[in-house]
Amino acid sequence: QPQYQQYGAVRSLNTSRGLLKYILLNIITLGIYSLVFFSGISEDINVIARMDGKKTMHYCLMFFIIGPLTLGIGYLVWYHNISSRMGNELIRRGIMYQFGAVDFWLWYILGSFILIGPFVYIHKLAKASALLAIDYNTKGN
């Protein structure tokens, strides 16, 4: 009997995310680009890491409904979970880049006190996303 295995990517994922692009497009679009940025990352991680059996909530659902209903706690949980999931996928794929939930708590939350921390987190998130997308686009699963 024939065996069916998927070798390539289902679709080509975005590999051009970066901090400078995030900042500039957020300024131009008056903050709307951040919805596009995080929505894309949430969709991409669901495609890339589907082997782990988890599903990341779409960012728009979290931003407009869950976050406000939970008085902001939903945001913390969502960022923690997506950072952790991306870190686990980097390890599973053998990509030598350190990223995970610790980066969210250290850079985004505690780093807010030095003002530059959230930018470092966005940079690390964008780089991890791009590395995962490049690996997925070339290897697939």
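Data block above holds the structure.
Residues numbered from 1 in each chain as written. Predicted model: local features only at pLDDT ≥ 70, side-chain atom pairs only at ≥ 80, totals over all residues. Heavy atoms only, no water.

## Here's the deal with the environment of Leu30
Thought 1: By the element assignment, Leu30 lies in the loop between α1 (19-28) and α2 (33-48).
Thought 2: Along the backbone, Leu30 and Ser12 are 18 residues apart, and their C-alpha atoms lie at a distance of 28 Å. (Helix = DSSP H or I, 4+ residues; strand = E, 2+ residues; numbered from the N terminus.)

## Details of the pattern of salt bridges
Thought 1: Taken as a whole, this structure holds seven salt bridges when the rule is applied.
Thought 2: Among the ionic pairs, Arg17 bridges to Asp44, the shortest N-O distance being 3.0 Å. With Arg17 in the segment before α1 and Asp44 in helix α2, this residue pair connects regions lying 27 residues apart in the sequence.
Thought 3: With relative accessibility at 10%, the residue Arg17 sits in the buried group. (Salt bridge = Lys/Arg side-chain N within 4 Å of Asp/Glu carboxyl O. Buried < 20%, exposed > 50% of the residue type's maximum accessible area, 1.4 Å probe, protein only.)

## Quick word on helix α5 (residues 101-109)
Thought 1: Where α5 is concerned, the buried positions are Ala101, Asp103 and Phe104. Buried residues along α5 cover an arc of 145° about the axis, so they all sit on one side.
Thought 2: The inward-facing, buried residues of α5 contact α4 (73-92) and α6 (117-139). (Arc of directions from axis to C-beta. Contact = heavy atoms within 4.5 Å.)

## Here we look at the packing of α4 against α5
Thought 1: The interhelical angle for the contact between α4 and α5, taken along N-to-C directions, is 130°, at an axis separation of 7 Å. In terms of orientation, α4 and α5 fall into the oblique class. Residues Leu76, Tyr79, His80, Ser83 and Ser84 of α4 pack against Ala101, Phe104, Trp105 and Ile109 of α5.
Thought 2: When its residues are assigned to classes, the contact of α4 with α5 shows six nonpolar, three polar and no charged. (Axes fitted to C-alpha atoms, helices over the stretch in contact; angles between N-to-C directions. Parallel < 35°, antiparallel > 145°, perpendicular 65-115°, else oblique. Nonpolar A, V, L, I, M, F, W, Y, C, P; charged D, E, K, R; others polar.)

## Let's talk about the packing of α2 against α4
Thought 1: Contact geometry for α2 and α4: axes closest at 11 Å, N-to-C directions at 45°. Judged by the angle between their axes, α2 and α4 are oblique. In this structure, α2 crosses over α4, and the sense of that crossing is left-handed. Within the contact between the two elements, α2 uses Phe38, Ile41, Ser42, Ile45, Asn46 and Ile48 and α4 uses Trp78, Tyr79, Ile82, Arg85, Met86, Glu89 and Arg92.
Thought 2: Classifying every residue of the contact of α2 with α4 gives eight nonpolar, two polar and three charged. (Left-handed = near helix turned anticlockwise from the far one by under 90°.)

## Brief notes about the environment of Phe104
Thought 1: As for its placement among the helices and strands, Phe104 is situated in helix α5.
Thought 2: Here Phe104 falls in the buried class, since its relative accessible area comes to 1%.
Thought 3: For the pair Phe104 and Ile66, spaced 38 residues apart in sequence, the C-alpha to C-alpha distance is 19 Å.
Thought 4: Setting aside residues up to four positions removed in sequence, Phe104 forms contacts with Leu76, Tyr79, His80, Ser83, Ile109 and Tyr121.

## Observations regarding the packing of aromatic side chains
Thought 1: Scanning the model with the defined rule gives 22 aromatic pairs in all.
Thought 2: Consider the rings of Tyr79 and Tyr108, whose centres lie 5.6 Å apart with planes at 20°: the pair is stacked. Here Tyr108 lies in helix α5 and Tyr79 lies in helix α4, a separation of 29 residues in the sequence.
Thought 3: The exposure class of Tyr79 is buried, given its relative accessible area of 7%.
Thought 4: Look at Tyr108 and you get partly exposed, because its relative accessible area is 27%. (Phe/Tyr/Trp six-rings, centres within 6.5 Å; stacked < 30°, edge-to-face > 60°.)

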